[in-house]
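In case you want the letters, here they are:
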Amino acid sequence: LHAGARLHRNGTLPLTSRDEALGWLAAHVARMSSTPMKGETGASGDLGYTWGQAAVTAPDGSRVDGYYLRVWTAGENGRWQLVADIT
């Protein structure tokens, strides 16, 4: 997760840092799964996206099914880091 990552969820303001995103996920998500349907990277190889289906289970057991879009960047060490997640 990139230090400046953004997390967008219905019913809440955008979370604009890794710490905010991780805190929100810990408090609101017990389980999450995703199935990629499409993904591409730029010709430079340092930016990409994926989108697909997602299922999120809250700590109270309620579940929401939907779709996601994620934007990725290649970090300094060459590992992909998530910069934006919209679910």
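This text follows the structure it describes.
All values derive from a computational prediction rather than experimental measurement.

Here's the deal with the overall build of the protein
For the protein, the count of helices and strands is one helix and five strands. Computed over the C-alpha atoms, the radius of gyration of the protein is 13 Å, within 12% of the 12 Å expected from 2.2 N^0.38 for a compact globule of 87 residues. Taken along its principal axes, the extent of the C-alpha atoms in the protein is 45 × 30 × 20 Å. Surface summary for the protein: the accessible area is close to 5700 Å², and the carbon and sulfur share equals 54%. Charge centroids of the protein, computed over 8 positive and 8 negative side chains, lie 5 Å from each other.

Focus: the nonpolar core
Counting residues in hydrophobic clusters, the biggest one holds six residues: Leu 7, Leu 15, Ala 21, Trp 24, Val 29 and Val 56. Not counting chain neighbours up to four residues away, the residues in contact with Val 56 comprise Val 29, Arg 31, Met 32, Ser 62, Arg 63 and Val 64.

So, the packing of aromatic side chains
Evaluated as defined, the whole model comprises zero aromatic pairs. A cation over an aromatic ring shows up here: Arg 70 above the ring of Tyr 68, its NZ or CZ 3.9 Å from the ring centre.

A closer look at the pairing of strand 4 (residues 63-74)
Looking at chain direction, strand 3 (residues 47-57) and strand 4 are connected through eleven bridges and run antiparallel. Bridged to Trp 51 within strand 4 is Leu 69. Both strand 4 and strand 5 (residues 80-86) contribute to a ladder of six bridges, which runs antiparallel. Counted as the bridge partner of Trp 72 is Leu 82 from strand 5.

What counts, and where the lines are drawn
- Residues numbered from 1 in each chain as written.
- Predicted model: local features only at pLDDT ≥ 70, side-chain atom pairs only at ≥ 80, totals over all residues.
- Heavy atoms only, no water.
- Helix = DSSP H or I, 4+ residues; strand = E, 2+ residues; numbered from the N terminus.
- Rg over C-alpha atoms; globule rule 2.2 N^0.38 Å.
- Areas by Shrake-Rupley, 256 points an atom, 1.4 Å probe, with all protein chains shown as cover.
- Lys, Arg positive; Asp, Glu negative; His and termini not counted.
- Charge placed at Lys NZ, Arg CZ, Asp CG, Glu CD.
- Core = buried A, V, L, I, M, F, W, Y, C linked by side-chain atoms within 4.5 Å.
- Buried < 20%, exposed > 50% of the residue type's maximum accessible area, 1.4 Å probe, protein only.
- Contact = heavy atoms within 4.5 Å.
- Phe/Tyr/Trp six-rings, centres within 6.5 Å; stacked < 30°, edge-to-face > 60°.
- Lys NZ or Arg CZ within 6 Å of the ring centre and 35° of its normal.
- Pairing = 2+ DSSP bridges.

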